[in-house]
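The residues making up each chain are set out below.
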Amino acid sequence: MTADIPTRTGLAQRLMTLGAASVAVFASSPERKQLADLQRCGETALQPLPEVDRRFFAEKVRPELHSGSQRRAGLARVAATLFLAPHELDDPAFDAVPLQMLEDYLRWALTPPALLTSGNDGNTQVVIQETLLAVITARLAVEPESPFWNQAAAVAVTRLNLIAAYMSTRNLKALCRLRAELLDRWLRRNGHAVDWAPPPRRPGRIRLGVLLGDLTPRTETFTTLPVFAGLDRSRYEVTIFLQHPTGGAIEQARRAAGDSVLALPEDTGEAVRLIRSRDLDILHIGMNVTAVTHRVALVALHKLARVQCTGFSSPITTGFPSVDFYVSGELSDDRAEAHQHYTETPLLLPGAGFCFDYSMAPAPSVRIPDRRAMGTVGRTVFVSGANFYKIGPDLRASWTRILASVPGSLLVLYPFSRAWSSAYPEERFLETFKAELSAAGVVDGIRIIKGLPTRSDVVSLLRQCDIYLDSFPYGGANTTFDPLEAGLPVVAAAGATLRNQQGAAMLLELGLGELVCQDAEAYVARAVRLGLDAAYRKAAAAAVTAQMAKRPTFADPAAYGTLMDLAFRRMLERKAVPLAA
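Visitor: So what exactly am I meant to see when it comes to the overall build of the chain here?
Guide: Helix and strand content of the chain: 23 helices and 13 strands. Here the chain has a C-alpha radius of gyration of 25 Å; the compact-globule value for 581 residues is 25 Å, and the two agree. Overall, the C-alpha framework of the chain stretches about 70 × 70 × 45 Å when taken along its three principal axes. Counting across all 581 residues of the chain, residues that qualify as buried make up 57%. Partitioning the intrachain contacts of the chain with sequence separation of at least 6 by distance along the chain shows that 72% fall at a separation of at least 24.

Visitor: What's the story with the pattern of salt bridges in this structure? I'm lost.
Guide: For side chains bearing opposite charge, pairing can occur when the charged atoms are close. Applying the stated criterion across every chain, the model contains 43 salt bridges. One salt bridge in this structure joins Arg335 and Glu330, with 2.7 Å as the shortest N-O distance. We classify Glu330 as partly exposed; its relative accessible area is 43%.

Visitor: Quick question: what am I supposed to make of the state of the cysteines here?
Guide: Each disulfide is one covalent bond, formed between the sulfur atoms of two cysteines. Here the structure, examined in full by the defined rule, presents zero disulfides. The thiol of Cys176 is not disulfide-bonded; the next cysteine sulfur, from Cys309, is found 17 Å away. The class for Cys176 is buried, based on a relative accessible area of 1%.

Visitor: Quick question: what am I supposed to make of the packing of aromatic side chains here?
Guide: Each aromatic ring pair is described using two quantities: the centre-to-centre distance and the angle formed by the ring planes. If you walk through the whole model with that rule in mind, you get 30 aromatic pairs. With 5.1 Å between their ring centres and 70 degrees between their planes, Phe388 and Tyr389 make a pair best called edge-to-face. Tyr389 gets classed as partly exposed once you look at its relative accessible area, which sits at 22%. Relative to Tyr474, the ring of Trp420 lies with its centre 6.2 Å away and its plane at 65 degrees, an arrangement referred to as edge-to-face. One end of the pair, Trp420, is in the loop between strand E9 (410–413) and helix H17 (426–439); the other, Tyr474, is in the loop between strand E11 (467–469) and helix H19 (478–486), with 54 residues separating them in the sequence. Under the relative-accessibility criterion, Tyr474 is labelled buried at 6%. Aromatic rings pair up to connect Tyr166, Phe388, Tyr389, Trp399, Phe416, Trp420, Tyr424, Phe429, Phe433 and Tyr474 into one cluster.

Visitor: Where do I start with the sheet that holds strand E13 (residues 516–517) in this structure?
Guide: Pairing between the strands of a sheet comes from backbone hydrogen bonds, and it takes one of two forms, parallel or antiparallel. Overall, parallel pairing links the six strands, which are arranged E10-E9-E8-E11-E12-E13 in an open sheet. The sheet terminates laterally at strand E10 (446–448) and E13, the two strands that pair on one side only. Pairing of E9 with E10, which is carried by three bridges, proceeds in the parallel orientation. Counterpart to Val412 in the pairing with E10 is Arg447. Along the sheet face, helix H20 (residues 498–509) touches strand E12 (490–493) and E13 and points at about 130 degrees away from the line of E12.

Reading the values: the criteria
- Residues numbered from 1 in each chain as written.
- Predicted model: local features only at pLDDT ≥ 70, side-chain atom pairs only at ≥ 80, totals over all residues.
- Heavy atoms only, no water.
- Helix = DSSP H or I, 4+ residues; strand = E, 2+ residues; numbered from the N terminus.
- Rg over C-alpha atoms; globule rule 2.2 N^0.38 Å.
- Buried < 20%, exposed > 50% of the residue type's maximum accessible area, 1.4 Å probe, protein only.
- Contact = heavy atoms within 4.5 Å.
- Salt bridge = Lys/Arg side-chain N within 4 Å of Asp/Glu carboxyl O.
- Disulfide = S-S within 2.5 Å.
- Phe/Tyr/Trp six-rings, centres within 6.5 Å; stacked < 30°, edge-to-face > 60°.
- Pairing = 2+ DSSP bridges.
- Axes fitted to C-alpha atoms, helices over the stretch in contact; angles between N-to-C directions.

Right, dumping it as structure tokens:
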């Protein structure tokens, strides 16, 4: 560390000796950037804390956290972010933090782990986020005009990231409801007309709106197209609202099919007015509005149509009061339990409840090496396209056991998709996983594949492999459809709700329930049997190919469109929207 950058302990000492007037000076100084760089969250939390820093925290910082002086206690809490990861601070109270440093503190508290290192990390992150939002909500109920708590609410909801929460096994309904409540409050406080009463319905076709980020060839496009593309245009008038129109091939195809494609204005209020001006009967939200807060999420919080719905693209409940229905499937959510996970009314379709339309997916763009070139001839090749964020310690432990039980086997991964993030802690991930494999006696057990720009390239790679391993507790969807199309046997874990069950739901719809495992032990055992028994593996692959050839609903956009037509009519009926001409 260079001489002009303070050490962690030096910066902590500086923080804890700030006077009331000096806090504002610090907040506008270069030291604030140094604080952000040194806080133990994200990737920084993965670095070991030197003994001298641990001792300094124990002797100098921790005693001040409960100081009788509010100023000292608040500054000590900010200093503590230099030494502790968010889950290591057991007291969630932060009302003593100086207003000028509130954003710094909340940024630290809400930054998810860069790498899950404990099987309970996802659940812990949910508790941290839920507790923090609950504290802010409760204080605003008592002090609705407080500058401190209103700023806390604004920072929290704009910085909140629920990706780590997706990886948990907890029910996320309460967390999502709290997020929505604070976002709703923030919008209203900034003058947005969140509520709206649609005018009496004009006769004519059902006016359906679809809200998306764009129509480029990516996950949300391929899973949202089946929602509306196959609907009868003599009965539906479709308007697609895009945050970032590109004029690409899929956009042009939708215009050619007679759909209107409109660009959302940059201003949230203007975007809301544009959508309302279309006098929509139904608005389907096809973009994920649950992971982070973006413009489409803010727009979707408003009442925009007579009925608003979402589904597969948002893998958990939105929590938004404006969204009436969540479209899922009877094999993805339990009919008796679904209402416990969604603030929306669950509307469960037959089968998995979702569908993929890859009819306009780009052609292969790279040459995938064959098994000889990959050096895998004679080896059993497991493969998974699970994203980095889904590969937690429990999943890695199961994969390690599988590789250790199938001599000479290999696990091929392509976990660093740009669909999730533009940057990953790749080296730390590989170091951690290789160390876990080595401890189990597995050498040369994994290969990381990069440079797969199109889905067709992914499918080509999969055809050079033997067995696909789905992720858990957050299962695969698009990434699990790919190996099914490639004819690979897929091992998946069962779960309680859509995000945990989506891979298993596809196998169940195919009639391949034998490949759905109820726990980690069964998952390992099934994968090991497939790895060791070539005849069993061949039979399982043949069954996948035969069943996929029958066009299950999740692979048949036309059949899925028929289901969505019925679903949309059920929604209008339940909301008493008259359709008579």
